[in-house]
Each structure stands twice: as C-alpha cells, then as structure tokens.
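Okay, here's what each chain looks like letter by letter:
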Amino acid sequence: MALHEVSAGDGGGPDDVFASSLSERVLPKDRLPEGQSDPKVVYNLLHDELLLDGNSAQNLATFCTTFSSDEVRRLMAESLDKNMVDKDEYPQTAEIESRCVRMLADLWNSPQERTTMGCSTTGSSEAAMLGGLALKWRWRKKREAEGKPADRPNLVCGPVQVCWEKFARYFDVELRQVPLEPGATGLRPHQLAHYVDENTIGVVAILGVTFTCDYEPVAEIAKALDAIQMNTGLDVPIHVDAASGGFVAPFAQPDLVWDFRLDRVASINASGHKYGLAPLGVGWVVWRSADLLPEDLIFRVDYLGGNMPTFALNFSRPGGEVIAQYFTFLRLGREGYRRVHQACAGTARYLAGRIAEMGPFELLYDGDGALPAVSYTLKEGHRGFTLYDLTEQLRTRGWQVPSYPLPANRERTVIQRVLVRHGIGRDEIALLADDIERSLKRLAPGSTGAPERPGFHH
Ligand SMILES: *Cc1c(COP(=O)(O)O)cnc(C)c1O
C-alpha cells in the first residue's frame, strides 16, 4: 500500500525514491539535518515508517474515532489554518462552535439550552479540568461568603479516568476515590455518605466507566446526595464525566435520565472524538445554566481584535475538529447517531454471545444498556494461561485487545475490554472472535502452542 511516487528527476539526480541519497542512509534521529531534501522522498520514507504503527481499525482498546469520511478529511484539510482562539479572524468557525454548544445543551436537556455556557476543548481531559475548576471556584466563593475556611477542597468520585487525578493534583484538590465494591462496575450511591463533607466541591459521576464500560447510576447518585442534603444541609453538585456516554445515551438509551434533567447536575463533559464521531482533538463542556460558570474564570482578550471571552487551558488550537463535529451533527442527525450506535451495540452483544460460549470467560459487561463494548474476565479458578497471554496471542494477528486489573478494591480481577466503534463491522468482530477461539486452542495445556505459526514461543 506504500505510495512510492517517482519524482521528476530534477537536475539529473536519481528519480527513484529508493535510489535517492536520503533512502540510502539511516534518517537523522537526534539532530536537525543541515540541508534540504526532496519532499517526495521524505514523504515516502515517513509514510513507510508509520506503517509500523498498529492498524487503528484493529485497535479495540481505544474509544477514539478511527474512521472518517472523505468529507471530514476534506474539511479538515481546508481548515488547517483556522485557529480556534482567533474568533475575530475566523468568526464563522467561532459561530460553528457556538452552534455545537447549543445543540449539546439541547441534547443534554439544559433548561437554558440557548443561553447557557459551554465550549469546545482539546478533549474530555481539558473539559474535565474546566468543569472541576468551576466547581472549585463556586465552592470557595460560598465558603468565603459564610466566613468558613476554603483551603481543603475535595472531589468525590468512583473509578475515574486519569484526567481527574490530574485535575486534583494540578489544581490542589484532594481526590476522594471511592473503592469498588465486590461485583460493582462503578460508584454505588450508598457509598457516598462516608466520603462527602463540607469541603466537597462536587461528585463526579461517570457515564461510561473507562475500565468496565458500564454507566454509573447518575439519577440514584443524585438521589443519594438529596438525602445527604436533607440530613446535613450540604448541597453537593454533580459533574457528569460523559466522555463516551454523552454521545451514546441520548441516542441509544433516550429514556435514561442522567443529564440536566437532574437538577443536581451542574456540568457535563464529553469527547467529540470518541462516540461523538469527530476526528481526534475535540471535547466539550457545558454548564446547566450560565450562572454556574464563575465570571472570574473567563478571560477577555482584545489583542486579536474584538473583545473575546476565553475559558480554556490552551490558547491557539486547530479549528478543523470543531468544524468536523458540526459536519457530523448535520450529516447524521439524531437518527444517524442512533443507527450507528445501535449497529455497534448489536455487534458488541454478538461478541458477548461468542465470548460467553467459548467457556473460560465470565462477562463483566455484555454490551447491553451502556457503551457498545464488552468486558470480561477469566472464570474463577481458571488455570493454564492469563488474559495477558491472550492479549499477546491476538497481537500476532494485529488485534489490540488490552488486559488490565480493575481499580481498587477489585485490583485482583484482571479483565479484557473490546470497544466497538463506528467503522468496526460485524464481520470484523466475527474474525476477531474466530482468532480468540484459535488462540484459546493454542494456549490450551498440551497444545504445542503454534500450529499456525511455526516457531512462535513466548
Ligand atoms: C477518555 C476519557 C476521558 C479523557 O478524555 P480525552 O478526550 O481522551 O481527554 C475522561 N473520562 C472518561 C470517562 C474517559 O473515557
């Protein structure tokens, strides 16, 4: 598949890429070269080197978009020069960002869907930082108004993605991570009372737990916090980390109440580049209403022309991803997202069925009711091989299926997870299931280990 173009042979030099002087050398790796090189040769050599990266369509570990239509690729190329921060120079890109925020506020049932605040980010991590900062600022203001100390904020959560650990450390907030109960796939509401106190800036509820792919029960978590407020007077807001679920639940589980329909949900983040189906590099954060984003977190910049409000960790940032997100909203509409996610969910359930039939596995999440994904572990007492061995076997066919331990207190359970995304069809997953079966035979006690691959040892 390499694109080996033949150059024009300018000035009598060699005209074949692999006869050029650059391709006869090891490429510079530590120091900028002194001279210039033919862009066609450089392109081809880099193109070939990058083939060593895995094939993203077989990367079943990532939540991120690995399939983009030609139109998205064109819009991305045409937007290469658009700087998201430069709203005066690129007013239509800025306008498109605002449209996306309003559409998301509406999709997530904000009571002020046309006037509330929100913005695009580089992903859910930045969006989570902004959501967390707003929680911290509001809590501090309230504490100061009450004449109480505001120097020991904490954030309560279950098995969160690393971005919340970063938020806590970077912004000096104690992270109170509630350990997993036996058999649980996320935070359980009755656990909260032991962790929430007057210094709690908020509770993070996860719609699509990274480790297990299940949703945490946001409505029940809100109810538990209502009870805590009744008993103690503490009014603790929820931020929903809907990195994956924010773009799945509204379409695949429209009756699930997890969003701004719950009064306690103050803000929501989601990754446009996960099930939002936009290319890598875009996330979103939206507040329930404009008053929940403290004014003193917003900077006003005038040196680019105009007076532009900005709330972001980055300054300059590409605009193409936001444009591609808007394209995807227009292209698919609610029906399109529903159809795409339903197809993925059907394929996930198909895989869960195959996995269950194979024998050694116990399903943790079977693709029903939350993200289109499957997670499973080896049955208790299973001997002979580990999931890490299976990961390695599958890798020989190019599949990336991660194995990892669950977070505390279930760290002795090692699991495997497969994410089914846009661009991954039923047949591809059937081929994966066949390869898992073949791997099981090879890993079985007494197998020579390598009927198909002579000489393969590990
Ligand atoms: C992926 C993920 C994040 C981080 O999102 P990025 O868009 O990769 O920055 C945060 N929280 C959850 C639950 C996630 O799945």
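Rules and cut-offs
Residues numbered from 1 in each chain as written. Predicted model: local features only at pLDDT ≥ 70, side-chain atom pairs only at ≥ 80, totals over all residues. Heavy atoms only, no water. Near = heavy atom within 4 Å. Polar contact = N/O pair within 3.5 Å; in protein donor to acceptor, adjacent residues only side chain to side chain. Areas by Shrake-Rupley, 256 points an atom, 1.4 Å probe, with all protein chains shown as cover. Nonpolar A, V, L, I, M, F, W, Y, C, P; charged D, E, K, R; others polar. Axes fitted to C-alpha atoms, helices over the stretch in contact; angles between N-to-C directions. Helix = DSSP H or I, 4+ residues; strand = E, 2+ residues; numbered from the N terminus. Parallel < 35°, antiparallel > 145°, perpendicular 65-115°, else oblique. Left-handed = near helix turned anticlockwise from the far one by under 90°. Contact = heavy atoms within 4.5 Å. Phe/Tyr/Trp six-rings, centres within 6.5 Å; stacked < 30°, edge-to-face > 60°. Buried < 20%, exposed > 50% of the residue type's maximum accessible area, 1.4 Å probe, protein only. Patch = residues over 30% accessible without salt bridge, like charges linked within 9 Å, V, L, I, M, F, W, Y side chains within 5 Å. Salt bridge = Lys/Arg side-chain N within 4 Å of Asp/Glu carboxyl O. Core = buried A, V, L, I, M, F, W, Y, C linked by side-chain atoms within 4.5 Å. Domains from an automatic or database assignment. Pairing = 2+ DSSP bridges.

Brief notes about the site of the ligand
Reasoning step 1: Around the ligand sit 13 residues in total, of which Ser 124, Ser 125, Asp 241, His 273 and Lys 274 are the nearest.
Reasoning step 2: Asp 241 is positioned with one of its side-chain polar atoms (N or O) 2.6 Å from a nitrogen atom of the ligand.
Reasoning step 3: Here an oxygen atom of the ligand sits 2.8 Å away from a polar atom, N or O, in the side chain of Lys 274.
Reasoning step 4: Computed on the free molecule, the ligand has an accessible area of 380 Å², of which 89% lies beneath the protein chains in the complex.
Reasoning step 5: Considered class by class, the residues forming the shell around the ligand number three nonpolar, eight polar and two charged.

Points about the packing of helix H4 (residues 124-145) against helix H5 (residues 162-170)
Reasoning step 1: Their axes nearest at 9 Å, the elements H4 and H5 cross at an angle of 45°. Considering the angle they form, H4 stands oblique to H5. Seen from above, H4 lies across H5 with right-handed handedness. Contacts between H4 and H5 pair Ser 125, Ala 128, Met 129, Gly 132 and Leu 133 from the former with Cys 163, Trp 164, Lys 166, Phe 167 and Tyr 170 from the latter.
Reasoning step 2: In terms of residue class, the contact of H4 with H5 is built from seven nonpolar, two polar and one charged.

Some words on the packing of aromatic side chains
Reasoning step 1: As enumerated under the stated definition, the model contains 10 aromatic pairs in all.
Reasoning step 2: A centroid spacing of 6.0 Å and a plane angle of 75° characterise the contact between Trp 164 and Phe 167, whose relative ring orientation is edge-to-face. In this pair, Trp 164 and Phe 167 both sit in helix H5, three residues apart, roughly one turn of the helix. When sorted by exposure, Trp 164 lands in the same class as Phe 167, which is buried.
Reasoning step 3: With a centroid separation of 5.9 Å and 35° between ring planes, the pair formed by Trp 287 and Phe 311 is classed as tilted.

Considering a nonpolar patch on the surface
Reasoning step 1: A cluster of nonpolar residues, Tyr 303, Leu 304 and Phe 315, forms a patch on the protein surface that exposes about 300 Å² of accessible area.
Reasoning step 2: Within the element layout of this structure, Leu 304 appears in the loop between strand E8 (299-301) and strand E9 (308-310).

Observations concerning the nonpolar core
Reasoning step 1: Within the largest apolar cluster, 56 residues are counted, with the highest numbers of intra-cluster contacts made by Trp 108, Leu 192, Val 203, Leu 225, Val 240 and Trp 258.
Reasoning step 2: What Val 203 contacts, discounting residues up to four positions off in sequence, is Val 156, Leu 187, Leu 192, Val 196, Ile 221, Leu 225, Val 236, Pro 237, Ile 238 and His 239.
Reasoning step 3: Membership of the second largest hydrophobic core comes to 29 residues, among which are Leu 130, Ala 134, Leu 135 and Trp 164.

Side note on the domain arrangement of the protein chain
Reasoning step 1: Domain assignment breaks the protein chain into domain 1 (8-53), domain 2 (71-328) and domain 3 (344-443).
Reasoning step 2: Just the C-alpha atoms count here: the centres of domain 1 and domain 3 sit 41 Å apart.

Structural notes on the packing of helix H2 (residues 70-78) against helix H8 (residues 320-358)
Reasoning step 1: Contact geometry of H2 with H8 gives a least axis separation of 9 Å together with a crossing angle of 150°. The interaxial crossing formed by H2 with H8 has right-handed handedness. Of the residues in H8, those touching H2 at Glu 71, Val 72, Leu 75 and Met 76 are Gly 320, Glu 321, Ile 323, Ala 324 and Phe 327.
Reasoning step 2: Per-class residue counts for the contact of H2 with H8 are six nonpolar, one polar and two charged.

Focus: the side chain of Asn 269
Reasoning step 1: Counting through the fold element by element, Asn 269 comes out in strand E6 (residues 265-271).
Reasoning step 2: Leave out the neighbours within four places in its chain, and Asn 269 touches Ser 124, Ala 127, Ala 128, Trp 164, His 239, Val 240, Asp 241, Ala 242, Ala 243, Trp 284 and Val 285.

Concerning the sheet that holds strand E11 (residues 373-378)
Reasoning step 1: What the four strands build is an open sheet, ordered E10-E11-E13-E12; its pairing is antiparallel. Each edge of the open sheet carries a strand with a single partner, namely strand E10 (361-365) and strand E12 (403-405). Mean inter-strand twist for the sheet, computed between neighbouring axes without regard to direction, equals 35°.
Reasoning step 2: For E10 and E11, the ladder comprises four bridges, and the chain directions are antiparallel. By the bridge assignment for E11, Phe 361 is matched with Leu 378.

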